[in-house]
Amino acid sequence: MSRPDLFDEIIECLKMQALDSPDTCLSPEVRREFYADVAKPAPPPAHSRRTMSPGCAPQRFSAPPRRSPADSAPHVCSAAPDSAPPAGGKDPRNMSWRELAAAVASCRGCKLCRTRTNTVFGDGNVRAELMFLGEAPGADEDLQGLPFVGRAGELLTRMIGAMQFNRAEVFIANTVKCRPPNNRNPEPDETEACRPFIMRQIELIRPKVIVMLGAVPLRLLFPEVRAGITRIRGSWMDYHGIKVMPTFHPAYLLRNPAAKADVWKDLQLVMAVFGKKHVPGRRA
Ligand code: SF4
């Protein structure tokens, strides 16, 4: 076997191991290359797995779907949990995690595909009980193919730490998977085109709580809600049995540090769901 052939085979083995071993830890660089590469035709896995792990956290995907009572939720989503599939190809509603990652990596479903460097699928534990849903990738995320890795990402990491979680335990995703030019908000046709992907991610992860960061995910999950994020933040919402806490986006907090106190109140409500209490001196 020639040297290049040998390396190719080793790389294929490592990829399959990453799919089959939930505890495999991958560096961001390897993970980025892996996601880019799963878009290419690959040999079928030795045995069927429903999901792959993009992170290092323990996997609990076989657990039955969690349904939280909408006891304290003033806003209940009436919108359909997902929308029509993009034209052509398999319906994301029927995709496995791996198929979804491949579909996103090769997606040309809206005009954002023309200006992106990398798609940003999401990162963390695919069986997380806590999910963070942001707006759209920025410049750093576009370059690295990972969500929340710039300054706002550093702040989000601190917020997650203050909540007594770490990034490997939660799942972090954005409403759209490609960076809008000049960091503008995604346009309605772009969020609509990308909607089936995030809807399927939520369906597969089935978190107990989603923290919605900013107005864009609010519009996506609750299109019928007219109030803005400033008014609605801090109030529990219900998305098909999943508790949702709207709060400000970390990028907004970088521009308006005074709003951190409000966000911290919102995050403590989320912590209480998980039986966690505020530890004095620990906050974002
Ligand atoms: S933003 Fe979503 S729909 Fe648009 S090209 Fe990227 S992955 Fe496809």
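Residues numbered from 1 in each chain as written. Predicted model: local features only at pLDDT ≥ 70, side-chain atom pairs only at ≥ 80, totals over all residues.

Asks: Any chance you could explain the site of the ligand here in plain terms?
Replies: If you check the shell around the ligand, you find 14 residues, and the closest are Cys-107, Gly-109, Cys-110, Cys-178 and Cys-194. For the shell around the ligand, the element with the most residues is helix α6 (residues 188-205), which contributes 3 residues. Residues belonging to the shell around the ligand are distributed by class as follows: 9 nonpolar, 2 polar and 3 charged. (Near = placed C-beta within 6 Å. Helix = DSSP H or I, 4+ residues; strand = E, 2+ residues; numbered from the N terminus. Nonpolar A, V, L, I, M, F, W, Y, C, P; charged D, E, K, R; others polar.)

Asks: Just checking my understanding: could you explain α6 for this structure?
Replies: Because an α-helix completes one turn every 3.6 residues, residues spaced three or four positions apart along the sequence face the same direction. Across its 18 residues, α6 extends 25 Å between first and last C-alpha, which sits within 8% of the 26 Å expected from 1.5 Å per residue. Taking the largest bend as the criterion, α6 deviates by roughly 45 degrees, centred on Arg-195, and proline Pro-196 comes between one and four positions later. On its buried face, α6 is in contact with α3 (97-105), β3 (130-134), β4 (171-174) and α7 (215-221). Two residues or fewer after α6 comes Arg-206, characterised by a positive phi angle close to 50 degrees. (Expected span 1.5 Å × (residues − 1). Bend = angle between axes of the 7 residues up to and from the residue. Contact = placed C-beta atoms within 7 Å.)

Asks: Whenever I open this one, the environment of Thr-119 confuses me. Can you help?
Replies: You can see Thr-119 is positioned in the loop between α3 and β2 (123-124). Judged by local crowding, Thr-119 falls into the buried class, with 25 C-beta atoms found within 10 Å. Along the chain, Thr-119 and Arg-179 lie 60 residues apart, while their C-alpha atoms are 7.8 Å from each other. With sequence-adjacent residues up to four places away left out, Thr-119 is seen in contact with Val-104, Ala-105, Cys-107, Gly-145, Lys-177 and Cys-178. (Buried ≥ 20, exposed ≤ 12 C-beta atoms within 10 Å, placed from the backbone.)

Asks: What's the story with the pairing of strand β7 (residues 242-247) in this structure? I'm lost.
Replies: In the case of a regular strand, side chains alternate between the two sheet surfaces. With respect to burial, β7 is a largely interior element, 6 of its 6 residues being buried. Burial of the side chains of β7 extends over both faces: Ile-242, Val-244 and Pro-246 are buried on one face and Lys-243, Met-245 and Thr-247 on the other. Strand direction decides the pairing type here: strand β5 (residues 209-213) and β7, joined by 5 bridges, are parallel. Bridge pairing links Leu-213 to Thr-247 in β7. Here strand β6 (residues 237-239) pairs with β7 via 3 bridges, running antiparallel. Each residue of the ladder has a partner; that of Met-237, found in β7, is Val-244. Connecting the antiparallel pair β6 and β7 is a turn made up of 2 residues, with His-240 showing a positive phi of about 50 degrees. (Pairing = 2+ DSSP bridges.)

Asks: Sorry, what's going on with unusual backbone geometry here?
Replies: With glycine set apart, most residues show a phi of negative sign, and most peptide bonds adopt trans. One non-glycine residue with positive phi stands out, namely Phe-148, at about 50 degrees. Note that Phe-148 resides in the loop between α4 (139-144) and α5 (151-162). Overall, the presence of 27 C-beta atoms within 10 Å leaves Phe-148 in the buried class. One non-glycine residue, Arg-206, lies in the positive phi region at around 50 degrees. Relative to the helices and strands, Arg-206 resides in the loop between α6 and β5. For Arg-206, a count of 19 C-beta atoms within 10 Å translates into the label partly exposed.

Asks: Looking at this structure, I do not really get the nonpolar core. What am I missing?
Replies: Looking at soluble globular proteins, one finds that nonpolar side chains tend to be buried together. Formed by 64 residues in total, the largest nonpolar core has its most connected members in Met-131, Val-170, Ile-210 and Met-212. Apart from the residues lying within four places of it in its own chain, the contact partners of Val-170 are Gly-124, Asn-125, Ala-128, Leu-130, Met-131, Phe-132, Ile-160 and Phe-165. (Core = buried A, V, L, I, M, F, W, Y, C linked by C-beta atoms within 7 Å.)

So yeah, pure geometry; function would need other evidence.
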